[in-house]
Amino acid sequence: MTVAERLCATPCGPAIDFAGGTVVHINAGISALVLVVVMGRRARFSTPHKPHNIPITVLGAALLWFGWFGFNAGSAFGANGTAGLAWVNTTVATAGAMLGWALVERIRDKHVTSLGMASGVVAGLVAITPSCSSVNVVGALVIGFAAGALCALAVGLKFKFGFDDSLDVVGVHLVGGIVGTLLVGLVATKEAPAGVAGLFYGGGFDQLWRQAVGAGHGDHPAVREVDDPEPLGEQSLLTQRVAVVGGHAGVGPVAAIALIIEMPELGAMSSKEAAS
């Protein structure tokens, strides 16, 4: 059992998280979501920003893909079959995510972009992180394609709900981490090193339930309570946000998203306030 899997233990049994999809990516995503609500929006948030340098973006995505082999395959702590499968699954899922993101762009925007393909790379890498030791190549392709498509749709939610996530950490890392964690419960196979079967391979709902609990439980250290917000003085807007969001200490992804939807005024910083 890896360190990530030990940290992902749930009340109904261990969830499969081979290389940190929950403790790294879901936690990073929910932390980003809380932070953007606390900090508010930029003055020009409603204006889409054009990419600054596409070649550098693509180069960065390629370097990230290469480095991710160490992240996923390296979690096997040895040169063995588990590392080999993690390496192959990482490649297949990431390629599938690129196709999934490209398909959404083609249908929604009528054209495919290099920036979207690079974002699809990240989405696939994120999604396969928790599942690379528990699925076969077909499962990896399903996970990658689903993550690419769903993350492409999710990144647009920041404009609908008004949270200023400049690098799409919520849309890619939170959504991608949840997708990759949950789909273990559907496409995991006992022939893989993790030795568990998902719903589509005769395992029933048992592992799916564990994955859902592991992805959505309230122990993510993304939010901490603020006992006395008064020392912040005249920064009343920021103080209120820290106090209200911080008052819900220990919320998980589902609870935090529901909190933000129920209290949209937390993210309602006006352009004038953002510029001041």
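Throughout this description, residue numbers start from 1 for each chain and increase along the sequence as written. Only residues with pLDDT of at least 70 are given local features in this predicted model, and only at 80 or more are side-chain atom pairs given and counted; all residues enter the totals for whole chains, interfaces and linings. As a rule here, side-chain values come from all non-hydrogen atoms in the structure, and water together with hydrogens is ignored.

1. A closer look at the environment of Ala149
Using the following cut-off: Note on conventions: DSSP H or I runs of at least 4 residues are helices, E runs of at least 2 residues are strands, and numbering of each starts at the N terminus. Working rule for contacts: check all heavy atoms of both residues, and any pair within 4.5 Å makes them a contact.
Relative to the helices and strands, Ala149 is located in helix H6 (residues 137-154). Separated by 44 residues in the primary sequence, Ala149 and Glu105 place their C-alpha atoms 8.9 Å from one another. Setting aside its immediate chain neighbours within four residues, Ala149 contacts Gly100, Trp101 and Val104.

2. A short note on the nonpolar core
The condition that has to hold: What is meant by a nonpolar core is a set of buried Ala, Val, Leu, Ile, Met, Phe, Trp, Tyr and Cys residues, joined one to another through side-chain atoms within 4.5 Å. Remark: exposure states derive from per-residue accessible area (1.4 Å probe, protein chains only) relative to the maximum for the residue type, with buried under 20%, exposed over 50%, and partly exposed in between.
In terms of nonpolar packing, the biggest core is built from 18 residues, with Phe18, Ile128, Val135 and Ile143 touching the most fellow members. Those elements that place two or more of their residues in this core are helix H4 (81-109), helix H5 (114-128), H6 and helix H8 (169-187). In terms of residues, this core owes the most to one element, H8, which gives four residues. Non-local contacts of Ile128, meaning those with residues more than four positions away in its chain, are made with Asn72, Asn89, Thr90, Ala93, Val135, Ala140 and Ile143. Membership of the second largest hydrophobic core comes to 15 residues, among which are Trp68, Trp101, Val121 and Val155.

3. Let's talk about H5
Heads up, the condition is: Take the residue count of a helix, subtract one, and multiply by 1.5 Å to get its expected span.
Its 15 residues place the ends of H5 21 Å apart at the C-alpha level, agreeing with the 21 Å of an ideal helix rising 1.5 Å per residue. Within H5, 11 of the 15 residues are buried, which leaves the element mostly enclosed by the surrounding structure. Here H5 has its buried residues at Gly116, Ala118, Gly120, Val121, Val122, Ala123, Gly124, Leu125, Val126, Ala127 and Ile128. Looking at the buried side of H5, the elements it contacts are helix H2 (21-39), helix H3 (54-72), H4, H6 and H8.

4. Quick word on the packing of aromatic side chains
Rules: Put simply, two rings from Phe, Tyr or Trp (the six-membered ring, in Trp's case) pair if the centres are within 6.5 Å, and we call them stacked under 30 degrees between planes, edge-to-face over 60, tilted for the rest.
Taken as a whole and assessed by the stated rule, the structure comprises two aromatic pairs. Geometrically, the ring pair formed by Phe69 and Trp87 is stacked, given 4.6 Å between the ring centres and 20 degrees between the ring planes. Taken together, the residues Phe69 in helix H3 and Trp87 in helix H4 connect sequence positions 18 residues apart.

5. A word on the side chain of Ser134
Assignment of secondary structure puts Ser134 in the loop between H5 and H6. In contact with Ser134, not counting residues within four places along its chain, are Ile16, Val184, Val187, Ala188, Thr189, Ala192, Ala194 and Val196.

6. Concerning H3
This is how the line gets drawn: Throughout this description, a polar contact denotes any pair of N or O atoms lying within 3.5 Å of each other; where both atoms belong to protein, one of them has to be capable of donating a hydrogen while the other can accept it, and for residues adjacent in sequence the pair is counted only when both atoms sit in side chains.
In this model H3 runs 26 Å from its N-terminal to its C-terminal C-alpha over 19 residues, within 8% of the 27 Å that 1.5 Å per residue would give. For H3, every residue scored as buried is listed here: Ala61, Trp68, Phe69 and Asn72. Where the residues of H3 are buried, they touch H2, H4 and H5. By the N-cap criterion, in which a side-chain oxygen at the helix start approaches the backbone nitrogen of a residue two or three places on, H3 is capped by Asn53, the distance to Ile56 being 3.1 Å.

7. Digging into the pattern of salt bridges
What counts here: By definition, a salt bridge exists where a carboxyl oxygen of Asp or Glu is found within 4 Å of a side-chain nitrogen of Lys or Arg.
In the structure shown here, the tally under the stated rule is three salt bridges. Put simply, Asp168 and Lys158 hold a salt bridge, and the shortest N to O gap is 2.9 Å. You can see Asp168 sitting in the loop between helix H7 (157-161) and H8 and its partner Lys158 sitting in helix H7, a full 10 residues away along the chain.

8. A closer look at a nonpolar patch on the surface
So the rule is basically this: Residues enter patches when their relative accessible area tops 30% and they take part in no salt bridge; the joining distance is 9 Å for like charges and 5 Å for the nonpolar side chains Val, Leu, Ile, Met, Phe, Trp and Tyr. Computed with the Shrake-Rupley method and a 1.4 Å probe, the accessible areas treat only the protein chains shown as cover for residues.
A contiguous nonpolar surface patch, about 390 Å² in accessible area, is contributed by Leu99, Leu103, Ile107 and Phe145. The element best represented in the nonpolar patch is H4, accounting for three residues. Relative to the helices and strands, Phe145 resides in helix H6. With a relative accessible area of 35%, Phe145 lands in the partly exposed category.

9. Remarks on the packing of H5 against H6
Stated precisely, the cut-off is as follows: Axes here mean lines fitted to C-alpha atoms, for a helix over just the part in contact, with angles spanning 0 to 180 degrees between N-to-C directions. An angle below 35 degrees is treated as roughly parallel, one above 145 as roughly antiparallel, one from 65 to 115 as roughly perpendicular, and anything else as oblique. Each helix crossing is assigned a hand: it is left-handed if the near helix lies turned anticlockwise from the far helix by less than a right angle, otherwise right-handed if that turn is clockwise.
At a minimum axis distance of 8 Å, the contact between H5 and H6 shows a crossing angle of 130 degrees. Taken together, the axes of H5 and H6 lie oblique to each other. The element H5 and its partner H6 pack so that their crossing is right-handed. Here Ala123, Ala127 and Ile128 of H5 come into contact with H6, specifically with Ala140, Ile143, Ala147, Gly148 and Cys151.

10. Some thoughts on the confidence of the model for the protein chain
Low pLDDT marks stretches whose predicted atomic positions should not be read closely. This is how it is decided: You can read pLDDT as the predictor saying how much it trusts each residue, on a scale of 0 to 100.
Per-residue confidence for the protein chain gives a mean pLDDT of 80; residues scoring 70 or more make up 72%. Element-level mean pLDDT values for the protein chain span from 42 in helix H10 (residues 236-246) up to 97 in H6. Under a pLDDT of 50 for its full length, residues 2-7 has, in the predicted model, 14 contacts with residues more than four places off or in other chains. Per-residue pLDDT stays below 50 along residues 264-276; that stretch engages in 24 contacts with residues further than four places along the chain or on separate chains.

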